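# Coordinate inspection notes
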Amino acid sequence: MTESIFVSANALSAGATVSYFIDNVLQSTESTSPFWMGGVSGSTPRGFNVNGIGSGTHILRATATLSDGTTVSSNDVTLNIVPSVNPQFSGALTPYANQPTAQQATPSAVLTKVATSGASLSSTEQSARQAVLVMYLNWGIDPSLDSGNDESNVLASLEPKGWKAPAASVAANSNLSMSFSPDSPYYHAIPAAWAKVQLPSGYIQQLQMNAAHGGDGIGYGETVAASSDPQLTVTSQWYSDRSTLRTFPFHMTRGWTSSLPSLPEGDSHVIFVDPATNTFVSTYKTTLNSQTGGPNALYASNPTSFNSLGDSGGSTAAKFAELPVMIQPGEATNPAQPIKHAIGGPVERTWGARVYPATARDAGMMTSTNSCSNSGYTNTGLVPYGGVIQLDPKLDLTKLSLSLPALRILQAMQTYGYYVMDFGCGDMDIYSAISESEVEPYGGMYGNVNGPGVQNEVQRVISTSDLYVVAPLIKKQ
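Summarised in this report is the structure supplied together with it. If you're wondering where the values come from, they're calculated on a predicted model, not measured in any experiment.

## Digging into the state of the cysteines
- Within the structure shown, the criterion is met by 1 disulfide.
- Each sulfur in the disulfide pair Cys 372 and Cys 425 lies 1.7 Å from the other. Where Cys 372 bonds to Cys 425 through sulfur, the torsion about that S-S bond is close to -80 degrees, and the disulfide is left-handed. Taken together, the positions of Cys 372 in the loop between β22 (350-354) and β23 (379-385) and Cys 425 in the loop between β25 (418-423) and β26 (428-430) put the pair 53 residues apart, joining distant regions of the chain.
- Its relative accessible area of 25% is what places Cys 372 among the partly exposed residues.
- Of the residues examined, Cys 425 reaches a relative accessible area of 53% and is grouped as exposed.

## Examining the sheet that holds strand β10 (residues 196-198)
- One open sheet accounts for 5 strands, arranged β10-β27-β24-β25-β21; its pairing is mixed. Strands with a single pairing partner mark the edges of an open sheet, and in this sheet they are β10 and β21 (343-347). Pairs of neighbouring strands in the sheet enclose a mean axial angle of 40 degrees, with direction left out of account.
- One ladder, built from 3 bridges, connects β10 with strand β27 (residues 467-470); its direction is antiparallel. Within the sheet, the bridge partner assigned to Val 197 lies in β27 and is Val 469.

## Comments concerning helix α3 (residues 123-138)
- In a regular helix each residue adds 1.5 Å, so 16 residues correspond to 22 Å; α3 covers 23 Å between its end C-alpha atoms and thus fits that length.
- Among the residues of α3, those classed as buried are Glu 125, Ala 128, Arg 129, Val 132, Leu 133, Met 135, Tyr 136 and Leu 137.
- Downstream of α3 by a residue or two, Gly 140 has a phi angle that is positive, lying close to 80 degrees.

## Quick notes on the packing of aromatic side chains
- Scanning the model with the defined rule gives 12 aromatic pairs in all.
- With a centroid separation of 5.0 Å and an interplanar angle of 40 degrees, the aromatic rings of Tyr 96 and Tyr 356 are classed as tilted. Here Tyr 356 lies in the loop between β22 and β23 and Tyr 96 lies in the loop between β9 (77-81) and α1 (101-104), a separation of 260 residues in the sequence.
- On the accessibility criterion, Tyr 356 (6% relative accessible area) is buried.
- The interplanar angle of 50 degrees and the centroid separation of 5.0 Å between the aromatic rings of Phe 180 and Phe 306 together place this pair among those described as tilted. A residue pair is termed long-range when its members are at least 10 positions apart, and Phe 180 in the loop between α4 (153-157) and β10 and Phe 306 in the loop between β20 (304-305) and β21 qualify at 126 residues.
- Three or more aromatic residues joined by ring pairs make a cluster, and in this case those are Phe 180, Phe 280 and Phe 306.
- Here Arg 61 stacks its cationic end above the ring of Phe 21, 4.7 Å away from the centre of that ring.
- A cation over a ring is seen here: Lys 319 above Tyr 299, with NZ or CZ 4.6 Å from the ring centre.

Rules used in this analysis
- Residues numbered from 1 in each chain as written.
- Predicted model: local features only at pLDDT ≥ 70, side-chain atom pairs only at ≥ 80, totals over all residues.
- Heavy atoms only, no water.
- Disulfide = S-S within 2.5 Å.
- Helix = DSSP H or I, 4+ residues; strand = E, 2+ residues; numbered from the N terminus.
- Buried < 20%, exposed > 50% of the residue type's maximum accessible area, 1.4 Å probe, protein only.
- Pairing = 2+ DSSP bridges.
- Axes fitted to C-alpha atoms, helices over the stretch in contact; angles between N-to-C directions.
- Expected span 1.5 Å × (residues − 1).
- Phe/Tyr/Trp six-rings, centres within 6.5 Å; stacked < 30°, edge-to-face > 60°.
- Lys NZ or Arg CZ within 6 Å of the ring centre and 35° of its normal.

Here you go:
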């Protein structure tokens, strides 16, 4: 568990009291239904802080004393306390609040809200999905919160409101992926003793490495404005829906179209960066507006500050920023240091559940048919939007004869994890802003005289290794 646990006792008559014991030591006695361990503030449970209990396995038990003096004890509950990651974050970071609904509903009731009737999951996959759900509920997070809305203002309202500012504003030569608050979850290593659930063997079989230029041509374009560049108009409208029309000015180079990914039929994502305002805009299905000289997009994020956690400002389904998980040019081929942040991208098997930093999911995915296979439901995944997949941390990558780029990418997935952001047609896509030419000396993406290909190497390891869904890397109450 983390800083606090949230435990209550239900179905007790008036006048009862409930005493909670950990390892047979009395910790709390409550007299107001539903008898939250640690009491309430108003109507909100405070939670019971476990910092003084110590890491490891403990036994939790509740004893109710009824109004007639009769006592009834619960079954013993195994409580696994792991060291908190809170000390990794600054004092300025606001804790991510526990969600009382995570303890007020049964796992089956929560699961029903994010499941699609008739969606095909094997019994092994159903068990894994339930185990993943229970892990989040134990973490004080309800993955079904506001499940009726694909884009959730409720989840957005829960995002931390304070954090430590970046050391410097973004500049033309900045590593854009490392330019956010040091409190951003993408920069924090997954602890060795951390809650996790193993995914079924073979869950990820096919992998696609995205490249902005060359390769598949569907990576992210990036363009950084100079102080002399003009303000051009960004136009955002979802197809013919005029109610979604937004326009706003943003500094960008007049030649920004050279940053468009090389496959026009792809998602044509471009991220525009303005160092003068320390902000960025992310666009989806980007084309040139010949009248304004600026971009048209099916969706453009509002200008978002780099002085943030990177939990907003993206143009993917999950709506958190892509930049903090983007493999930047030179990162995967740097012999001097590993990639120092998480990676991320879309998966074909999405799940209607959401956890921080995701606040949204693909529109209509709870009932839609898989648009890649044109058969079966979309909602068949085991990892929620915003969920983190970790490559087996015990795997010794240095013994696998990997090229430098493949090693760096897999190290990042071991250390910081892979964030699920969107629906895609591959089992797993990895977002990058690189050009294929960068990895040509290492075998290219798909293989050449220099090696078997970076995509092939990464796929071989991921498809044959243990993968885990891990608890969020957030500061907790």
